[in-house]
Each structure stands twice: as C-alpha cells, then as structure tokens.
There are 2 protein chains.
Amino acid sequence: MTPQSEDFSAWYNELVIKAQLVDRGPVRGTMVIRPYGYRIWELLQADLDRRIKEAGHDNACFPMFIPESYLRREAEHVEGFSPELAVVTVAGGKELEEPLVVRPTSETVIGEYMAKWIESHRDLPLLLNQWANVVRWEMRPRMFLRTTEFLWQEGHTAHIDEADAMRETMWALDAYASLARDLAAMPVVPGEKTPGERFAGAVRTYTIEGMMRDGRALQAGTSHYLGTNFAKAFEIQYQDEAGKLALAHTTSWGMSTRMIGGVIMTHGDDNGLVLPPRMAPHQVVIVPIGRKEQGEATAAEARRLGAAIKAMGIRVHVDDNRPQLSPGFKFNDWEMRGVPIRLEIGPRDLEAGVATLVRRLPTVEGQGKEPIPLERVPEVMPGILADFQSFLLARAETFRNDNTRAVDTWDDFGAQVAGGWALAFHCGRTECEDDIKADTAATPRCIPADGPAEEGACVKCGLPSAYGKRVIFGKAY
Amino acid sequence: MTPQSEDFSAWYNELVIKAQLVDRGPVRGTMVIRPYGYRIWELLQADLDRRIKEAGHDNACFPMFIPESYLRREAEHVEGFSPELAVVTVAGGKELEEPLVVRPTSETVIGEYMAKWIESHRDLPLLLNQWANVVRWEMRPRMFLRTTEFLWQEGHTAHIDEADAMRETMWALDAYASLARDLAAMPVVPGEKTPGERFAGAVRTYTIEGMMRDGRALQAGTSHYLGTNFAKAFEIQYQDEAGKLALAHTTSWGMSTRMIGGVIMTHGDDNGLVLPPRMAPHQVVIVPIGRKEQGEATAAEARRLGAAIKAMGIRVHVDDNRPQLSPGFKFNDWEMRGVPIRLEIGPRDLEAGVATLVRRLPTVEGQGKEPIPLERVPEVMPGILADFQSFLLARAETFRNDNTRAVDTWDDFGAQVAGGWALAFHCGRTECEDDIKADTAATPRCIPADGPAEEGACVKCGLPSAYGKRVIFGKAY
C-alpha cells in the first residue's frame, strides 16, 4: 500500500478497497458498500437515530422522484443543485410528460407536504427525519467522500418563529458534534459557514469540520436555518393564536456516509485502518495459533473466551475458520482492517493461562504486547476499549492543535494552509474568498463557535474583519 | 368512511390516508410514508433484520442505478421487468451514453459483484442482504400494495450446490412466515408458486399468502431459488476442493412495505385500523378526562401511569396535549388509528383508584369496558397485549378457514373464488391458468407446503393434476 506521506489520496483510495469497506460501483462515481463498511454505517446510524428520536423527531419516508418544477420554486436552491441532478425521462416504457429529478436533497418535496400538514400553531414544531439515498452527479468522485449516490439522514423541521428554528438548528449541530466526538473520536470544530459557503437556499449554514491526517478539512455534517425561504416557496403557513396566518421557519440538517471517510482519514496509518471501538464492526478479534491438536486446543479456548467477551456486550470475532492462512497473515489482515484489540492465543499462552493482547496502536509510548490472564480478559476488556477510544480522540485533538495556527500575514497564511489550518481574519466578501481559493486552494471552513472575540485586518485584502473573530481556513475534501 | 361491506377498496384507500399512515406522493403511484406508517415499518424491519443477522447474513448496500446492459444478461429477467422500468437518461447536465435503470430488484448488480468476490469454495455461502428502495412503474398503483417506489429488504445469496441454496430459499420463506404470524398476526400459507407465477429468472419461487378480509389473497413475501441462471449470466463461479471451476447456485428473497397493507386488510374494520400490539407504534394510549383541576389531576395520574407502563418496555402514549379536543373525539381517533389498548382515566376513575381499559376489539364475546386498579395496570399489561395479539391471529385464522373450501366442479370454483379461496386440482399448464384468470379473475396463489397428498382432475380442463395436491386459487392484490 502507498504510504500516507508519499500520496495520501492514493493511500486512501487503495485502503478503502483493500479493507473491503467498498468496491467501485458499475456506474462512474457510485460505490458498493460492502458488509464491513456497511456495519460501520449501521453503528453510526443506530446512535444518531436514537439521538434524533429522543429529541422528539419522527422518521418518515418521502419519494425520491421529485417533479422538476418543485426545485424551481426556490431560486437559489435550483441554481445550486441543477448541475448535479440525475433525471428520469422515461418510465413504464414511455417518455414522461414532466421529467423527474432523483432527489439531491428533499427540502422541496418535504416542503410541499409540510404545507399540507400544518394548519395551526398547534401543529408546530413539526420535527421530521428520514434515512435515505440521495444522488448528486459528481465530477470528481471519491469513495465515501463524494459519490454520485450516497446514504444520509436528512432532518426537516418547521417552527413557529426564528428563535425556535434556531434552537433546532443548533440542536442538530450539537448532536453531530457529539456524535463525531463520542463515536468517531473526531474532535470536530462546530461553527457557522461564511455566506459564500452556505447551502443553496439557507439563511445560515452551520458545519462541523474535522482535520484529516494530511491537514485537510472534512465537512462532516451540516445544519441549516432556512428562514422563511422554503416556507414562501411552498406556502408553509400556520394560523397563530390570534387566528392570523404566518409563515413557518424551517430547518434542515444532514449527516452522511461521508463520515466513514472522515474516520478513515482521522485515524488511519500506513498499516491500514484504525477504527474507534464504538464504530468498529469487530471491537476485538481473537486469533488462535497452532497446528493439529495444539491448534484445536487454542481454537477451543478462543471460542470459549469469545463467548465470555460477547456476554459483556462487546463485538468480538473469533478467527478460527481460515486454516489456509498463517497467523502472521491474519495479524496483518486485522491490523489493516483497523480492529482495535487483537487477542492471540498460542500453545505457550494457553500453557501460561494467558492471552496476548495487542492494541492497534500503542496507547502508551513503547507499549508492546501484553499478556493477560485468560480469566481476567472479559472483565478488563470494557476498560481497555474505552481507553483506546479516548486515546484516539486525544491523539486526533493533539494533531489538530499542532496543525492549526493563528496567522496574520499572507505569507504565513500560504505556508500554514499548505499542511494545516490557519486561523485568520477575513473581510467577509465572497470575491475575497474566491481570490484566496484561487491563490492557495484554501477555503473558509467555518467561523468557529467557540473562537474568542478578536478584531483585525483581513489576511488577504486588509479590510476590517467581518465576524468579530478569526475564521478557520484550510484545504478541504 | 366507506364501510368494508360496501366497497372494500374505497375503505382501504380512505383509511390509509385518514389514519395518517401515508399521503399520496407528488408523482402518480408514489407515496409519502408518514411517521405513524413508518414506525410500523421500523418495527417490522427491526424484527426481520435481527432474524436475518442471526442466521449469518450481512447487510450491504448496492447502487440503485444499474446499467441497462446488466439487465439484458438474463433473458427472462429483462423480459419480466422491462415494462416497469424507470430510466435515467440525463445526469450532470448531459445525456448519458448508456441509460441507467433505477433498480426494480438487484439480482443483476449483485450478481456482478458476487462474481468478483467469490473465488473459492471457501467463500461460500455468501449471504447478503440489503434494505433499499426499488422502483417498478405501476399502472394501477395502490398505497403500500403497489407503489412506483417502495421499501423492502432483498436477500441475495450464493451457494456451493442446489441443496444448500434450497435450504437457504426455505429458510427465508420460513422467516417470512414466522414474521407474518408472530408480528403481524397474519396466518399466512407458505407454498410454491406455479410455473406461470414464478419470478422472472427463477427456477422455483416460494411465497407466503395471506387472506384479506374481503377474501382476496395478498402475496406478502417471496423467496426464489435461482438455480445457476444468474451465475451463468454473471459468471459467478468458484473453485471447488478439487480445484475445478463450478457455477454457484443463487437465491433471492424479499419482503416489502406491502406487508403493512396486509396488516391493514387482515385486521381492520369499519371503525378503522386494528394493529397487532407487536406492530403498533402505540401499544397503549392513555386518555385523561376532565376539565380544570379535575383534568389536571387525571392528566398527572395518566403521566405517572404512562411512565410505569413504559418502564415495562411497552410503547405507550399519553394523550394529554390536545385540550381543544373532546374525550369522545380522542377515543374515536385512537380507535380509527388502531391502537390495541386504550386506558381512560376520568375523575370518577381516579376516585375509585382505577383506569378504564378498552380493547380495540372485544377478545371475549360481549366483553366491554373493564376497570383495573391503577397500581395493577403495569403488571397486567404485558399479558393483556399478548392475549390481544393471539386473539387477532386466531380470529384471522378462523376467518381464513371459514372462507377456504375444497372444490371439484367449475361451478363451485367460480362461487368460491368470488369471496374466498378455493382448494382445487390443477393440470399445471399456464394456458389453463390464463383461462381460469380470464373467466374468474382468480389465479393460483400457491401449492401449499402442508397440503395433504391428493390426486384429481383439473378443476378447469379435466386433465390430471400436476402437483400431487390441491392448489390454492383466489383473487389477489
């Protein structure tokens, strides 16, 4: 496999295939998510779905074919999405009268139904979510990061006023940030997008941005306050307590299979994937070693131990069914596939009554293989997994901090965004953002929510800063 | 609402909208699944997904756009599905070189990848499943039963030989039959389809058939043994133990949102839905009654009781947030929406220390409202729900048996399929099936798996029976 330092993109592209996360689809830009990759998605999905439901949202399912005319009702929205649309023109053997767009996102079709379902202020807030596939035709596809078809959830809500809609927008942003930290061990930075980076049709767009191990940024989830833009376009109105008709304020927010790409690029190394235990299909793999009777004895112990670990609610896999492969091959294989904890049981381990525990990365400098008494393995495993999860988060946080720097000159800016993030003042003008992008390939990632109040001159053009704090700039996926 | 006896179709069409299960989609034949309907799907999905995983299958996700050329590789398959396809011809602003079919089912695209992933007999069986949306352009759409886009799971597996593939085919059929009985309280009949009713490309197709309350049949899940048809078309081959190349034997099986239509038509009545507790979004609804202080006291008790019932792992909803509606309206509303158990708490109930329990249907003749001491409600509820679930299954079984009859003359056949199922001998010729359909609108639903061995003359043409047992005939959805 190509080392990260040599060509990070090549490393990524090779790894996603080799680790059996995905395969290239038959149509350019599409992907087949294989069981190992799909299980990661299921783990993420289960956790996010729980958060979404606990906060009072209901899941629903809207059609994926949207009449072209719906998109045209919101001018900015159609302009933003038109170049990326896939269009069904023939169905049931006939040319369709009105072409159907395969949803790139569902504000328009959901807007139509919100208008139908909402009558009174009593019907608000209306809190909907759907898990769906969406299609955006990609010119530069990349597995998980930008695929023509991808999986996501999209929340769509309607509220009585701006204040309530903004509370919702920030709830979703916070849910995404927590999920990224807790599950994916990604120390993302939440913040607002600059006007030039807003979602097509939004009044305000918020994002969580993670730093990948090549110093680039990945937008890993977004939450939009849509104001009354879609409410106007689709007549989402309610009768208020005084009986007067008013426009609803709507939001939308999404997180997708892109997140899996984020996990790969936040934690992976030249030996392959490194999966945070909470998103790992196998948190622990047990490899019995030995031939003939010895092999049978270690395999039996591996199965017994596997059952005991499983009883602790841990996802464990016993690799006892591939006699044609050497232990060394298996060790490398599970390392490449990012399994957090490997337990080896050889004849000598068995004699000594231990399993040899190997972490995917040493959590303490110089820490190597560690023998653990067999009977203690199940009870210590939850702690070992939790420590490994924390270690990954802390390591990623250190890496991000080490590669983020406040800069005040254009020279420093260019040097910093070459391999990390720059905290810089910006004038807020989209033309100036475009100039910066043309010169350095860097874009404003977000106005960090927790950035300290500070004033200064735009790092590019010298005009006064627009946001009262520094903006994060970086190259992005 | 139109009564069932007057116009069963109208009853169904009105009810699915009124109960807020679905709304008509913006494109003809599509549906919006609303939260109340989607929750039913999630409950079904969770149970079936568990069964699928426990039996060793892995979930994956294949692209929904399939190159047109893939479908043409299996002659019968393309012939069967061609009339129903939706086709993307434009994407990213350009005419596509090869049109893309929106999957009507995924044998072809999955076949392509099975061929890629399978090398040795060690890679078999390959047991895959996906939860997906599929598109079949429908000329006579009907919410849940036949919609242009619908949700389903599709299992796709590859095996070393026919015996192993047939074991899988029958496993899936059995899983569907159990799910229908256990969850949906639908006493379905499993059996094989006659050749004329087979899936396009299958060697053998199996089905579960349920009887709806108008006497018609609903095919609620199918499982196919595909032989080596798709293996030949896509070169799904493996090296056997002797190193020789052999074709894999494949299967596919699917269950869809159609099942929800089955639940509605198996149990519903003129007052609305009747949901089996295991598929009910709310298993219990508590309606507090009374105004001002009395209303506050009953609402407080309703919330306390709701929490206690929830703690038992029961899905309970407290209807304490619609002061604008009368108790009578709420009772009718929950009845129409099919909630199995309603608990009413009025001021007099509170005084007497009881809740008034009302079942959606009396499980015992003449049984009406029943007071239950408040402190006993949580402990008795699991039993009450289980009894209600069993009652629905038994009632549906009695109904089906009462409306199924062995017939041996053509006159009896016509009379029987007018409102139920006929058990009849059949010659097995597709032309004869077509004649029967033209004359009576009835089709062979299945050769019931547990039908006793019997020989006789074809009820239509008099030729000897082909199956060694009677075939179920009925009109179908």
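Residues numbered from 1 in each chain as written. Chains lettered and ligands numbered in written order. Predicted model: local features only at pLDDT ≥ 70, side-chain atom pairs only at ≥ 80, totals over all residues. Heavy atoms only, no water.

Chemist: Pulling in residues and values, what's your account of the overall build of chain A?
Modeler: For chain A, the helix and strand inventory stands at 14 helices and 23 strands. Rg of the C-alpha trace for chain A: 25 Å, near the compact-globule value of 23 Å for 477 residues, within the 12% margin. Along the first, second and third principal axes, the C-alpha atoms of chain A reach 80 × 60 × 45 Å. Taking all 477 residues of chain A together, 60% fall into the buried category. Accessible area for chain A stands at about 18600 Å²; split by element, carbon and sulfur atoms hold 47% of it. (Helix = DSSP H or I, 4+ residues; strand = E, 2+ residues; numbered from the N terminus. Rg over C-alpha atoms; globule rule 2.2 N^0.38 Å. Buried < 20%, exposed > 50% of the residue type's maximum accessible area, 1.4 Å probe, protein only. Areas by Shrake-Rupley, 256 points an atom, 1.4 Å probe, with all protein chains shown as cover.)

Chemist: Could you give an account of the relation of the copies chain A and chain B, with specific residues and numbers?
Modeler: Mapping chain A onto chain B is achieved by rotating through 180° and translating by 0.0 Å along the same axis, at an RMSD of 0.0 Å. Both copies are brought into coincidence by an operation consistent with a two-fold rotation axis. Relative to the rotation axis, the C-alpha of Val88(A) is the closest in chain A, positioned 2.1 Å from it. When the interface residues of chain A are mapped onto chain B, 100% of them again lie at the interface, so the same face is used by both copies. (Least-squares fit on C-alpha atoms with pLDDT ≥ 70 in both. Contact = heavy atoms within 4.5 Å.)

Chemist: Account for the sheet that holds strand β15 (residues 284–288) of chain A, naming residues and giving values.
Modeler: Residues and elements named next belong to chain A. On the basis of which strands lie adjacent, the open sheet formed by five strands has the order β16-β15-β17-β18-β19 and mixed pairing. Among the strands making up the open sheet, the edge pair consists of β16 (316–318) and β19 (370–373). The average angle at which neighbouring strand axes cross in this sheet is 25°, direction not considered. Bridge count for strand β17 (residues 341–345) against strand β18 (residues 354–359) is four bridges, and the pairing is antiparallel. Looking across to β18, one finds that Ile341 is bridged to Arg359. (Pairing = 2+ DSSP bridges. Axes fitted to C-alpha atoms, helices over the stretch in contact; angles between N-to-C directions.)

Chemist: Kindly report on the domain arrangement of chain A, identifying the contributing residues and their values.
Modeler: Taken domain by domain, chain A comprises domain 1 (8–267), domain 2 (282–384) and domain 3 (404–474). Averaged C-alpha coordinates put domain 2 of chain A and domain 3 of chain A at centres separated by 48 Å. (Domains from an automatic or database assignment.)

Chemist: Any details on the side chain of Arg359(B)? Residues and values, ideally.
Modeler: All names here are of chain B. Checked against the element boundaries, Arg359 lands in strand β18 (residues 354–359). We classify Arg359 as buried; its relative accessible area is 15%. There is a polar contact of 3.0 Å between the side chain of Arg359 and the side chain of Glu370. With residues up to four places along the chain from it excluded, the contact list for Arg359 reads Pro340, Ile341, Gln367, Glu370, Ile384 and Phe388. (Polar contact = N/O pair within 3.5 Å; in protein donor to acceptor, adjacent residues only side chain to side chain.)

Chemist: Go over the sheet that holds strand β6 (residues 94–102) of chain B with me, naming the residues and quoting the values.
Modeler: Strand order in this open sheet of six strands is β4(A)-β6(A)-β5(A)-β5(B)-β6(B)-β4(B), and the pairing throughout is antiparallel. Across the chains shown, the open sheet's two edge strands, defined by having one partner strand only, are β4 (65–67) of chain A together with β4 (65–67) of chain B. Across the sheet, the mean angle separating the axes of adjacent strands is 45° when strand polarity is ignored. Sheet topology note: the β4(B)/β6(B) ladder contains three bridges and is antiparallel. Bridging from a neighbouring strand, Pro67(B) pairs with Leu100(B) of β6(B).

Chemist: Describe the interface of chain A and chain B, with residues and values.
Modeler: Chain A puts 53 residues into the contact, and the matching count from chain B is 53 residues. Taken together, the two surfaces of chain A and chain B that pack against each other cover about 4300 Å², and 63% of this comes from carbon and sulfur. It is Pro26(A), Cys61(A) and Phe65(A) that lose the most area in chain A upon contact with chain B, and together they represent 13% of the buried surface on that side. For the salt bridge of Glu42(A) with Lys53(B), the shortest nitrogen-to-oxygen distance reads 3.2 Å. The tally of links between chain A and chain B comes to 23 residue pairs in polar contact (both at pLDDT 80 or more). When its residues are assigned to classes, the side of chain A that touches chain B shows 33 nonpolar, eight polar and 12 charged. The sheet contact formed by strand β5 (residues 86–91) of chain A and strand β5 (residues 86–91) of chain B spans five bridges and is antiparallel. Note on β5(B): the bridge partner recorded for Ala86(A) is Ala91(B). (Buried area = accessible area lost by both parts, 1.4 Å probe. Salt bridge = Lys/Arg side-chain N within 4 Å of Asp/Glu carboxyl O. Nonpolar A, V, L, I, M, F, W, Y, C, P; charged D, E, K, R; others polar.)

Chemist: Let's hear about the pattern of salt bridges: which residues, and what values?
Modeler: For the structure on display, the rule yields 66 salt bridges over all chains. Residue Glu344(A) pairs with Arg342(A) through a salt bridge whose shortest N-O separation is 2.9 Å. Across the pair, Arg342(A) and Glu344(A) agree in class, each one buried. Between Arg278(B) and Asp47(B) there is a salt bridge; the shortest N-O distance is 3.4 Å. Separated by 231 residues along the polypeptide, Arg278(B) in the loop between α8 (258–267) and β15 (284–288) and Asp47(B) in helix α2 (residues 35–54) bring together distant segments of the chain. The network of salt bridges with shared partners includes Asp47(A), Arg50(A), Arg51(A), Glu54(A), Asp182(A) and Arg278(A).

Chemist: Give me the lowdown on the UniProt feature "domain: Aminoacyl-transfer RNA synthetases class-II family profile" (unreviewed entry) in chain A, citing residues and values where you can.
Modeler: The UniProt entry lists residues 28–276 of chain A under the feature "domain: Aminoacyl-transfer RNA synthetases class-II family profile" (unreviewed entry), expressed in the numbering used here. Helix and strand shares over residues 28–276 of chain A are 32% and 32% respectively, and the end C-alpha atoms of the span are 30 Å apart. (UniProt positions renumbered as here; feature names shortened; annotations may be inferred.)

Chemist: Hey, could you go over the packing of helix α13 (residues 410–417) of chain A against helix α14 (residues 430–440) of chain A for me, with residue numbers and the actual values?
Modeler: Helices that pack against each other are described as a pair by the angle of their axes relative to one another and the distance between those axes. Residues and elements named next belong to chain A. The N-to-C vectors of α13 and α14 enclose an angle of 60°; their axes lie 11 Å apart at closest approach. Looking at the two axes, α13 sits oblique to α14. Here the hand of the crossing between α13 and α14 comes out right-handed. For the pair α13 and α14, contact is made by Trp410, Phe413 and Val417 and by Ile436, Asp439 and Thr440, respectively. Partitioned by chemical class, the residues of the contact of α13 with α14 number four nonpolar, one polar and one charged. (Parallel < 35°, antiparallel > 145°, perpendicular 65-115°, else oblique. Left-handed = near helix turned anticlockwise from the far one by under 90°.)

Chemist: Quick rundown of the environment of Val459(B)? Include the residues and the values.
Modeler: Residue and element names in this part refer to chain B. Within the secondary structure layout, Val459 lies in the loop between β22 (443–448) and β23 (471–474). What makes Val459 buried here is its relative accessible area of 6%. Put simply, Val459 and Pro378 are 81 residues apart on the chain and 55 Å apart in space, counted from C-alpha to C-alpha.

Chemist: Just give me the short version of the packing of helix α1 (residues 8–18) of chain A against helix α8 (residues 258–267) of chain A, but keep the residues and values in it.
Modeler: Residues and elements named next belong to chain A. Where α1 contacts α8, the axes come no closer than 11 Å and their chain directions differ by 120°. Regarding the angle of α1 to α8, the classification is oblique. Relative to α8, the crossing made by α1 is right-handed. On α8, the residues that touch Phe8, Trp11, Tyr12, Leu15 and Val16 of α1 are Gly261, Ile264 and Met265. Residues that form the contact of α1 with α8 fall into these classes: seven nonpolar, one polar and no charged.

Chemist: Requested: an account of the environment of Phe329(B), with residues and values cited.
Modeler: Mapped onto the fold, Phe329(B) is located in helix α10 (residues 327–336). Accessibility expressed as a relative area gives 43% for Phe329(B), which makes it partly exposed.

Chemist: Can you lay out the side chain of Gln389(B) for me, pointing to particular residues and giving the numbers?
Modeler: Relative to the helices and strands, Gln389(B) resides in helix α12 (residues 377–402). Contacts of Gln389(B), omitting those with residues within four sequence positions, involve Arg181(B), Asp182(B), Leu183(B), Ala184(B), Ala185(B), Pro276(B), Pro277(B) and Arg278(B).

Chemist: Account for the pairing of strand β23 (residues 471–474) of chain A, with residues named and values stated.
Modeler: All names here are of chain A. What you see with β23 is no split at all: Val471 and Phe473 on one side and Ile472 and Gly474 on the other are buried throughout. One ladder, built from three bridges, connects strand β21 (residues 421–424) with β23; its direction is antiparallel. Bridging from a neighbouring strand, Ala422 pairs with Phe473 of β23. As judged from the three bridges shared by strand β22 (residues 443–448) and β23, these two strands associate in the antiparallel manner. Within β23, the position partnered with Pro444 by the bridge is Phe473.

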